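Chain by chain, the residues:
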Amino acid sequence: VEALEGIVRRRAFDEVLPECSTQLGSRLRSVLSDMSALLRDHSIKMIGLVEALAGANRLYSEKIEELSSMRKVSDALSSTLDIGETSRVATEVLVEETGAERCYLFLVDERTGMPVLRAMKKGRESAVTFFSEDAPEIDPTLQDLVVQAVKTCQPTLSTSGEAGELGQIVCFPL
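Everything numeric here is computed off the predicted structure, so don't read it as measured data.

A. Focus on unusual backbone geometry. Notably, cysteine 153 is not glycine yet its phi reads approximately 55°, a positive angle. Secondary-structure assignment places cysteine 153 in the loop between helix H3 (140-152) and strand E4 (156-157). Residue classification places cysteine 153 among the exposed residues on the basis of a relative accessible area of 57%.

Here it is as structure tokens:
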């Protein structure tokens, strides 16, 4: 009897096994497909997070550089009360930090409200020239951009066509 029961169980098992195997395979494929979709979604989200983090890191680095430049200017300005020395140091720091080939420092005349050239540096190797009075005439395009920056309290940028021989010009009112 036991032998007969064993045979019946084996036959029943052999008959059920293919169906169970098919169902198990189908369920396993479904689970693997779901996991693959989840991994794909999470991978896309991770890529987005990595890109966002890289962007935030770039902004952070730019802000650190900006603060470093501001600190240099602040240190330079607080190191002396002499307007000539302050103008020279500020011009040097601006050229150093921006990589500009030339730098013109204008101060606003309190009586007229107009910008007056006080220091300039032409070329990276040249010395800064300070003008206490009688500054040289400057290109009218440069003068116009400076006046615009002072009046609007906003940076102004020339196009290469506007600036002619001067090249591209950026004016920052401080």
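B. Spatial organisation of a nonpolar patch on the surface. Taken together, the side chains of Leu28, Val31, Leu32 and Met35 make up a nonpolar region of the molecular surface, amounting to roughly 350 Å² of accessible area. Tracing the sequence through the fold places methionine 35 in helix H1 (residues 2-78).

C. Seen up close, the pattern of salt bridges. Within the structure shown, the criterion is met by 4 salt bridges. Here arginine 71 makes a salt bridge to aspartate 75, at a shortest N to O gap of 3.0 Å. Here aspartate 75 and arginine 71 lie together in helix H1, a separation of 4 residues that amounts to about one turn. Of the charged contacts, one joins lysine 121 and glutamate 92 as a salt bridge, the two residues approaching to 3.2 Å between their closest N and O atoms. Here lysine 121 is found in strand E2 (residues 115-122), whereas its partner glutamate 92 is found in helix H2 (residues 83-98), with 29 residues between them in sequence. The class of lysine 121 is buried, set by a relative accessible area of 3%. Classification of glutamate 92 by relative accessible area gives partly exposed; the value is 34%.

D. A look at the side chain of threonine 91. Within the fold, threonine 91 resides in helix H2. Its relative accessible area of 0% is what places threonine 91 among the buried residues. A polar contact is formed between the side chain of threonine 91 and the backbone oxygen of serine 87, at a distance of 2.7 Å. When near neighbours in sequence (up to four residues on either side) are disregarded, threonine 91 contacts Cys103, Leu105, Ala119, Met120, Lys121 and Val128.

E. Region of interest: the pairing of strand E1 (residues 102-108). Bridge analysis of E1 against E2 gives 7 bridges, and the strand direction is antiparallel. Residue cysteine 103 lies in a different strand from E2, and its bridge partner there is lysine 121. Between the antiparallel neighbours E1 and E2 lie 6 residues, among them glycine 113 with a positive phi of about 75°.

F. Molecular detail of the environment of glycine 113. Tracing the sequence through the fold places glycine 113 in the loop between E1 and E2. In the structure, glycine 113 is positioned 34 residues away from valine 147 in sequence and 9.6 Å away in space, judged by C-alpha atoms. Residues within four places of glycine 113 in sequence aside, it is in contact with Val108 and Val150.

G. Structural view of the pairing of E2. The buried count for E2 comes to 6 of 8 residues, which makes it a mostly enclosed element. As paired strands, E2 and strand E3 (residues 129-130) are joined by 2 bridges and run antiparallel to one another. Paired with methionine 120 across the strands is threonine 129, a residue of E3. In textbook terms, the turn of a hairpin is the stretch between consecutive antiparallel strands, and for E2 and E3 this stretch comprises 6 residues, one of which, glycine 123, has a positive phi near 90°.

Conventions adopted
- Residues numbered from 1 in each chain as written.
- Predicted model: local features only at pLDDT ≥ 70, side-chain atom pairs only at ≥ 80, totals over all residues.
- Heavy atoms only, no water.
- Helix = DSSP H or I, 4+ residues; strand = E, 2+ residues; numbered from the N terminus.
- Buried < 20%, exposed > 50% of the residue type's maximum accessible area, 1.4 Å probe, protein only.
- Patch = residues over 30% accessible without salt bridge, like charges linked within 9 Å, V, L, I, M, F, W, Y side chains within 5 Å.
- Areas by Shrake-Rupley, 256 points an atom, 1.4 Å probe, with all protein chains shown as cover.
- Salt bridge = Lys/Arg side-chain N within 4 Å of Asp/Glu carboxyl O.
- Polar contact = N/O pair within 3.5 Å; in protein donor to acceptor, adjacent residues only side chain to side chain.
- Contact = heavy atoms within 4.5 Å.
- Pairing = 2+ DSSP bridges.

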